[in-house]
Amino acid sequence: MSADPVDHSEEAPHAHDNATEVAHAWEHFHQNWKFFICFFGVVLLTVITWSINFGPKWNVFFVFLTAAMRCGLIAYFMATLFKPFSFVIRTFIFSAIFLAGMIFLSMWDSELRTIGDPIKDRVNVSPESHVP
Amino acid sequence: MEIPYTLTARPDTGLYNGKLGIWLFLASEVMLFGAIFTAYLFVRLGAEDGTWPDHIQNVALGFTNTVLLICSSITMVWAWVALKERKFNTYRLALGITILLGLGFLCIKGVEYKAKFDHTGVIINEDAMQKKYLPELQKMDAFYGAIPSQHAYEIRGHLHEETKDTLVIMPDPKPKYLIDLEKKENPAAAESGGGEEQPITIDKADIQRWGSLLPKYGTYYAIYFLVTGLHALHIVGGVVVMLYFLTIGSRLYKRNPEQLSNRIEVTGIFWHFVDLVWITVFPILYLT
């Protein structure tokens with residue numbers, strides 16, 4: 001395993017600075033509070049835009065906009081959690097690659113070249129094409 | 001033998017044992033939910049016209065649940081901060097509120113499930129629908145949807161009575177968005193609607209299939225119950241763990257408050273994850 005730059009003072013017994021930890025905890029709390037308020041706002045905006053008919057073109061635009069906002073917020077929140085943890089980042093990158101691989105394999109297995117209409121198209125696949 | 005790194009971070013991972021464990025667990029959870037969301041994507045793309053219901057969910061209840069979970073995430077962090085400050089009573093208050101919010105979520109979920117169990121969907125043959133039932137449904141402004149690939153129509157409502165040969169259904173009214181659309185497209189025709197709601201009798205011979213809005217009724221309901229059921233199980237798991245730390249588990253505070261705060265931090269990470277999953281689930285299953 002590669003050597004990460006680590007502050008080894010943490011290993012020393014009784015090295016806890018409680019005041020610093022409490023300050024850190026409050027910082028964390030305030031960050032979370034703001035984040036979840038943002039999330040509430042975005043979900044509320046999603047519901048409002050969903051309930052209004054802007055017309056076909058703009059409906060799609062708002063669906064993508066609110067979805068992008070939700071994804072962005074989740075990504076931001078995850079980034080704030082992962083920042084100091086390189087090992088965890090590596091684990092999650094692996095998970096993401098694994099998931100992408102699973103999706104790719106599922107599509108490849110269903111003999112589809114794009115995400116189209118997999119269930120319907122699968123019915124039309126000739127039996128010979130499944131021979132390895 | 002004392003287990004190392006229960007309180008302090010291990011140098012190579014930068015995490016104490018519990019936190020490393022929960023992140024690895026959540027990595028597996030990402031794969032589990034990721035696989036289900038992928039299945040959702042495939043099922044949604046493969047759905048024939050008219051088979052994927054829209055405006056079927058109670059958005060107000062779903063949104064209320066979103067608010068409950070968001071609030072519970074905040075109180076969860078509050079409980080952790082209180083432990084760090086060694087304020088035990090505040091910790092218990094915050095954790096108690098989090099548990100109540102989690103239970104509130106489950107209660108609302110139960111109400112939503114009950115509504116699905118009590119609701120009935122009927123798939124009627126195209127010919128019979130057009131000849132026998134459509135005029136009556138149009139007159140009372142009830143909802144109906146065409147399923148071209150199955151040469152059928154769907155109506156949904158509450159089952160009043162079932163006899164050997166017939167079903168008596170109180171059909172759902174047309175959703176507001178459909179009425180608005182019709183008004184836009186044809187103002188004169190839209191004015192004529194709005195009749196009185198009344199039950200409709202359907203011959204069983206005209207029905208392709210019917211049933212409560214349960215997983216076996218349709219793909220949407222299968223994926224809805226799978227995703228929300230699995231998510232609800234996570235909520236139950238979280239609430240059970242929190243109840244433990246509110247009662248028996250809180251004895252650890254006297255012996256080692258720092259370890260208890262680590263455990264609450266780990267529980268909080270799990271709770272945030274469950275919250276984020278819901279925020280992903282809500283738009284895709286409710287705002288359809």
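Note on numbering: residues in each chain are counted from 1, in written sequence order. Think of it this way: whatever chain is written first is A, whatever ligand is written first is 1, and the rest follow in order. The model is predicted, so local features are restricted to residues of pLDDT at least 70 and side-chain atom pairs to those at 80 or more, both for listing and for counting; the totals for chains, interfaces and linings are taken over all residues.

A.B. asks: Looking at this model, I keep getting lost on the overall build of chain A. Mind explaining?
C.D. replies: Where helices and strands are cited, they refer to DSSP runs of H or I of at least four residues and of E of at least two residues respectively, numbered from the N terminus. A tally of helices and strands in chain A yields 4 helices and 0 strands. Counting over 132 residues, chain A shows a buried share of 7%. To assign burial, the other C-beta atoms lying within 10 Å of each residue's own C-beta are counted, with C-beta atoms placed from the backbone; 20 or more indicates buried, 12 or fewer indicates exposed, and intermediate counts indicate partly exposed.

A.B. asks: What is the right way to read the domain arrangement of chain B from this model?
C.D. replies: Accessible area lost when the parts come together is the quantity often used to give the size of an interface. All names here are of chain B. Considered domain by domain, chain B is made up of domain 1 (18-117 + 218-286) and domain 2 (120-213). Domain segmentation is taken from an automatic or database assignment of domains. Measuring from the centre of the C-alpha atoms in domain 1 to the corresponding centre in domain 2 gives 37 Å. Taken together, the residues of the side of domain 1 that touches domain 2 sort by class into 2 nonpolar, 3 polar and 3 charged. Put simply, Ala, Val, Leu, Ile, Met, Phe, Trp, Tyr, Cys and Pro go in the nonpolar bin, Asp, Glu, Lys and Arg in the charged bin, and everything else, Gly too, in the polar bin.

A.B. asks: Please explain the packing of helix 1 (residues 18-51) of chain A against helix 2 (residues 59-84) of chain B as it appears in this structure.
C.D. replies: Helix-helix packing: each pair is described by the crossing angle between the helix axes and the interaxial distance. Each axis is a line fitted through C-alpha atoms, and for a helix only the stretch in contact is used; angles between axes span 0 to 180 degrees, taken between their N-to-C directions. Where helix 1 of chain A meets helix 2 of chain B, the axes come as close as 8 Å, and the angle between the chain directions of the two elements is 175°. Taken together, the axes of helix 1 of chain A and helix 2 of chain B are roughly antiparallel relative to one another. Across the contact of helix 1 of chain A with helix 2 of chain B, the residue classes tally to 19 nonpolar, 4 polar and 2 charged. Angles below 35 degrees are treated as roughly parallel, those above 145 as roughly antiparallel, those between 65 and 115 as roughly perpendicular, and all remaining angles as oblique.

A.B. asks: In this structure, what is going on with unusual backbone geometry? I would like to understand it.
C.D. replies: A negative phi angle characterises most non-glycine residues, just as the trans form characterises most peptide bonds. Residues and elements named next belong to chain B. In the Ramachandran plot, Y5 falls in the positive-phi region, its phi being about 65° despite a non-glycine side chain. Tracing the backbone through its elements, the reader meets Y5 in the segment before helix 1 (17-46). One non-glycine residue, H151, lies in positive phi territory at about 50°. Relative to the assigned elements, H151 resides in the loop between strand 2 (145-147) and strand 3 (152-162).

A.B. asks: Sorry, what's going on with the nonpolar core here?
C.D. replies: Buried Ala, Val, Leu, Ile, Met, Phe, Trp, Tyr and Cys residues whose C-beta atoms connect them within 7 Å together make up a nonpolar core. One finds B:A79, B:W80, B:A82, B:L83, B:L95 and B:W278 to be the most contacted residues of the largest nonpolar core, which totals 41 residues. For this core, the secondary-structure elements that each account for two or more residues are helix 1 of chain A together with helix 2, helix 3 (88-118), helix 7 (219-246) and helix 9 (257-286) of chain B. Discounting chain neighbours no more than four positions away, the residues touching B:W278 are B:T66, B:L69 and B:H231. B:V122, B:Y133, B:A152 and B:I155 belong to the second largest nonpolar core, which has 13 residues in total. Throughout, a pair of residues is in contact if the C-beta atoms placed from their backbones lie within 7 Å.

A.B. asks: What am I meant to see in the packing of helix 7 of chain B against helix 9 of chain B here?
C.D. replies: All names here are of chain B. Contact geometry for helix 7 and helix 9: axes closest at 10 Å, N-to-C directions at 160°. As the angle between them shows, helix 7 and helix 9 are arranged roughly antiparallel. Seen from above, helix 7 lies across helix 9 with left-handed handedness. Here Y224, V227, T228, H231, H234, I235, G238, V241, M242 and F245 of helix 7 lie close against helix 9, whose contacting residues are R263, I264, T267, F270, W271, V274, V277, W278, V281 and L285. Partitioning the contact of helix 7 with helix 9 into residue classes produces 14 nonpolar, 5 polar and 1 charged. Handedness of each helix crossing follows the sense of rotation of the near helix against the far helix: counterclockwise by less than a right angle gives left-handed, clockwise gives right-handed.

A.B. asks: I would appreciate a short explanation of helix 4 (residues 126-139) of chain B in the present structure.
C.D. replies: For the α-helix, the turn length of 3.6 residues means that residues three or four positions removed from each other point alike. All names here are of chain B. An expected span of 1.5 Å times one less than the residue number is assigned to each helix. Helix length check: helix 4 (14 residues) gives 18 Å between terminal C-alpha atoms against 20 Å at 1.5 Å per residue, within 8%. What is called the bend at a residue is the angle between a pair of axes, fitted to the seven residues leading up to and ending at it and to the seven starting from it. Of all the bends in helix 4, the greatest reaches close to 60° and is centred on Y133; the proline P135 follows between one and four positions later. Two residues or fewer past helix 4, D141 is found with a positive phi of approximately 55°.

A.B. asks: When you look at the environment of B:G104 in this model, what are you seeing that I'm missing?
C.D. replies: Residue placement: B:G104 occurs in helix 3. Along the primary structure B:G104 and B:L68 are separated by 36 residues, whereas in three dimensions their C-alpha atoms are 7.4 Å apart.

A.B. asks: Explanation requested: the environment of B:I269 in the structure shown.
C.D. replies: Residue and element names in this part refer to chain B. For I269, the position within the fold is in helix 9. Judged by local crowding, I269 falls into the partly exposed class, with 18 C-beta atoms found within 10 Å. C-alpha of I269 to C-alpha of A115: the two residues are 154 residues apart in sequence and 32 Å apart in space.

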